[in-house]
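Residues per chain are reported as follows:
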Amino acid sequence: MTQPIIEVTNFRKRYGDFVAVDNITFAVSRGEIFGLLGPNGAGKTSTLETLEGLRPADSGTLRVAGIDPTREPRQLRHVIGVQLQSSGMPESMTPAEAMQFFCAYHGIAPRHDLLDRFGLSAKRKTQFHLLSTGQQRRLSLALAIAHEPQVLFLDEPTAGLDVSSRAELHTLMRELQSGGTTIVLATHDMT
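It should be emphasised that the depicted structure is a prediction, and the values quoted were computed from it without experimental measurement.

Engineer: Hey, could you go over the sheet that holds strand β7 (residues 182–187) for me, with residue numbers and the actual values?
Structural biologist: In any sheet, the strands associate via hydrogen bonds between backbone groups, in a parallel or an antiparallel arrangement. Strand order in the open sheet formed by four strands is β3-β7-β6-β5, and the pairing between neighbours is parallel. The sheet is open, and its two borders are formed by β3 (33–37) and β5 (80–83), each paired with just one other strand. Looking at each pair of strands side by side, their axes are set apart by 15° on average, direction ignored. Sheet analysis places strand β6 (residues 151–155) next to β7, joined by five bridges and oriented parallel. The partner of Leu 154 across the bridge, within β7, is Leu 185. On top of the sheet, helix α1 (residues 44–51) reaches β3, β6 and β7; it is set at about 150° to β6, its chief contact. Lying over the sheet, helix α6 (residues 163–178) contacts β3, β6 and β7, oriented at roughly 145° with respect to β7.

Engineer: Tell me about the pattern of salt bridges, and name the residues and values.
Structural biologist: With the rule as written, the count across this model stands at nine salt bridges. With a shortest N-O distance of 3.4 Å, Arg 63 and Asp 68 are connected by a salt bridge. A salt bridge links Arg 71 to Asp 68; the shortest N-O distance between them is 3.0 Å. Judged by its relative accessible area of 70%, Arg 71 falls in the exposed class.

Engineer: Which residues make up the packing of helix α3 (residues 95–106) against helix α5 (residues 133–145), and what values do they have?
Structural biologist: Running from N to C, α3 and α5 cross one another at 20°; their axes reach a closest spacing of 10 Å. With respect to their mutual orientation, α3 and α5 come out roughly parallel. Relative to α5, α3 is oriented so that their crossing is right-handed. Where α3 abuts α5, its residues Pro 95, Ala 98, Met 99 and Phe 102 lie against Leu 139, Ala 142 and Leu 143.

Engineer: Explain α1 residue by residue, including any values.
Structural biologist: In terms of residue burial, α1 counts as a mostly covered element, since seven of its eight residues are buried. Buried within α1 are the following residues: Lys 44, Ser 46, Thr 47, Leu 48, Glu 49, Thr 50 and Leu 51. The positive-phi residue at the C-terminal boundary of α1 is Gly 53, with phi of around 80°.

Engineer: Got a sec to walk through α6? Specific residues and values, please.
Structural biologist: The first and last C-alpha atoms of α6 sit 23 Å apart over 16 residues, in line with the 22 Å expected at 1.5 Å per residue. Residues of α6 that are buried include every one of Ser 165, Leu 169, Leu 172, Met 173 and Leu 176, and no others. The arc enclosing the buried residues of α6, seen along the axis, measures out at 105°, which places them on a common side. Exposed residues lying more than 90 degrees from the buried face of α6 are Val 163, Ser 164, Arg 174 and Ser 178. Its buried side turned inward, α6 meets β3, α4 (112–117), α5, β6 and β7. Just past α6, the residue Gly 180 takes up positive phi, approximately 100°.

Engineer: Break down the environment of Val 79 for me, citing the residues and quoting the values.
Structural biologist: Among the structural elements, Val 79 can be located in the loop between α2 (73–76) and β5. Here the alpha-carbon distance between Val 79 and Asp 189, two residues 110 residues apart in the chain, equals 27 Å.

Parameters and conventions
Residues numbered from 1 in each chain as written. Predicted model: local features only at pLDDT ≥ 70, side-chain atom pairs only at ≥ 80, totals over all residues. Heavy atoms only, no water. Pairing = 2+ DSSP bridges. Helix = DSSP H or I, 4+ residues; strand = E, 2+ residues; numbered from the N terminus. Axes fitted to C-alpha atoms, helices over the stretch in contact; angles between N-to-C directions. Contact = heavy atoms within 4.5 Å. Salt bridge = Lys/Arg side-chain N within 4 Å of Asp/Glu carboxyl O. Buried < 20%, exposed > 50% of the residue type's maximum accessible area, 1.4 Å probe, protein only. Parallel < 35°, antiparallel > 145°, perpendicular 65-115°, else oblique. Left-handed = near helix turned anticlockwise from the far one by under 90°. Expected span 1.5 Å × (residues − 1). Arc of directions from axis to C-beta.

Right, dumping it as structure tokens:
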């Protein structure tokens, strides 16, 4: 049996007296699409944010591609791609500028082909705050996969997407999976 690419053991996360995640354990194999399904407030985002190195665990151990997200965040950033539930993109940044910036961060050439694929060609020079919610989500996804990460984290990936964009997301996920990318998504949407 191969070593899992993600390992979570006895993970617990609290916010004051509120226990958001209580002692969960799971493993995800390389190339697997793994879902965290539950209602709002179930701890899905807390789990993802801890795996992404954004929050420390209160107890338990977490590993992503053998990396401890809390202790080795610099190594982690090149291994993972992240589409957050909401974007913190500067309002005046355009999709072309965002792609240039994110790719420079990872030391790769800009992936403008992804802007084309996600239907953002005509919006390359439009400021982020003028994009529709669906366009903002598609841009976030394009940025998350531009550096071809081993693991892709998607938090409520279909929020704000129309039917055709959801279908494109599902197609993309299957393509990434066939190329060996592991995908972990958190959602409350059963579809």
